[in-house]
Amino acid sequence: MWKKILKNNSGGKTHIPYHTKVEFMNGLYRELVDTIERKEGLEGFEFSNGMIYFPNYILSFNPNVGRHNDDFISKPFKEIQITLDVDWYDLWYRGFEDEINEIADNFGEEYRLKAEDQGVYPVYEYNAGSHNKENGTISVFSKTSNLFIESLIKNIHKKIEVKFDGRD
């Protein structure tokens, strides 16, 4: 009975503790990383800021994006897909040159940013959950427009909507 009262007092939603939300989204993020590792046949490497690096993708997880008070509010999928007017090389080389070069030195040249990455733009940012003009809840930055990544992110977004917004 108390669950029904809580649900009625929360606009039809049952309260989900913050740590439970983060654990759920962390599981989705791990699933995303694993799927890309299988598809690419390459291991993703974590940057010092927590982003995960692949030669063609950078993955990011920010569980507080979309958090409003004690709720999580997702945004419509089409509203949070972004095209960045920057090339792949400049976007990642400036902040992560040493880390990328260390990964390439230890694990293979396929991880190194290449001269041909200059001028490869726009960069596509696929987001699931929400976006706050700077970060997405779960994001994949892609060197090219990519239907495989878009499909993965759309699937994750749908799971977030169902879990937190009660949408089907």
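Refer to the structure presented above.
Residues numbered from 1 in each chain as written. Predicted model: local features only at pLDDT ≥ 70, side-chain atom pairs only at ≥ 80, totals over all residues. Heavy atoms only, no water.

Draft legend 1. How the structure looks around the side chain of His131. Here His131 shows up in strand 7 (residues 123-131). Side chain to side chain, His131 and Glu125 meet in a polar contact 3.1 Å long. Leave out the neighbours within four places in its chain, and His131 touches Val65, Lys75, Ile80, Ile82, Glu125 and Gly136. (Helix = DSSP H or I, 4+ residues; strand = E, 2+ residues; numbered from the N terminus. Polar contact = N/O pair within 3.5 Å; in protein donor to acceptor, adjacent residues only side chain to side chain. Contact = heavy atoms within 4.5 Å.)

Draft legend 2. Inspection of the pairing of strand 8 (residues 136-142) at higher detail. The element strand 8 is largely enclosed, with a buried count of seven among its seven residues. Relative to strand 8, strand 3 (residues 57-61) runs antiparallel, the two being bridged by five bridges. Within the sheet, the bridge partner assigned to Ser60 lies in strand 8 and is Ser139. Here strand 7 runs beside strand 8; their pairing, made up of six bridges, is antiparallel. (Buried < 20%, exposed > 50% of the residue type's maximum accessible area, 1.4 Å probe, protein only. Pairing = 2+ DSSP bridges.)

Draft legend 3. Quick look at the nonpolar core. In this structure, Leu32, Ile36, Leu59, Ile138, Ile149, Ile153 and Ile160 are the most contacted members of the largest nonpolar core, which totals 23 residues. Of all elements in the fold, only helix 2 (18-40), strand 3, strand 7, strand 8 and helix 4 (147-165) reach the threshold of two or more residues within this core. Judged by nonpolar contacts, the second largest core, of 17 residues, contains Leu42, Phe47, Tyr53 and Phe96. (Core = buried A, V, L, I, M, F, W, Y, C linked by side-chain atoms within 4.5 Å.)

Draft legend 4. Region of interest: the pairing of strand 7. Judged by how many residues are buried, strand 7 sits mostly within the fold: eight of nine residues are covered. Across three bridges, the pairing between strand 6 (residues 82-84) and strand 7 is antiparallel. By the bridge assignment, Leu84 is partnered in strand 7 with Val123. Here strand 7 folds back onto strand 8 in antiparallel fashion, the turn holding four residues, of which Lys133 has a positive phi close to 75°.

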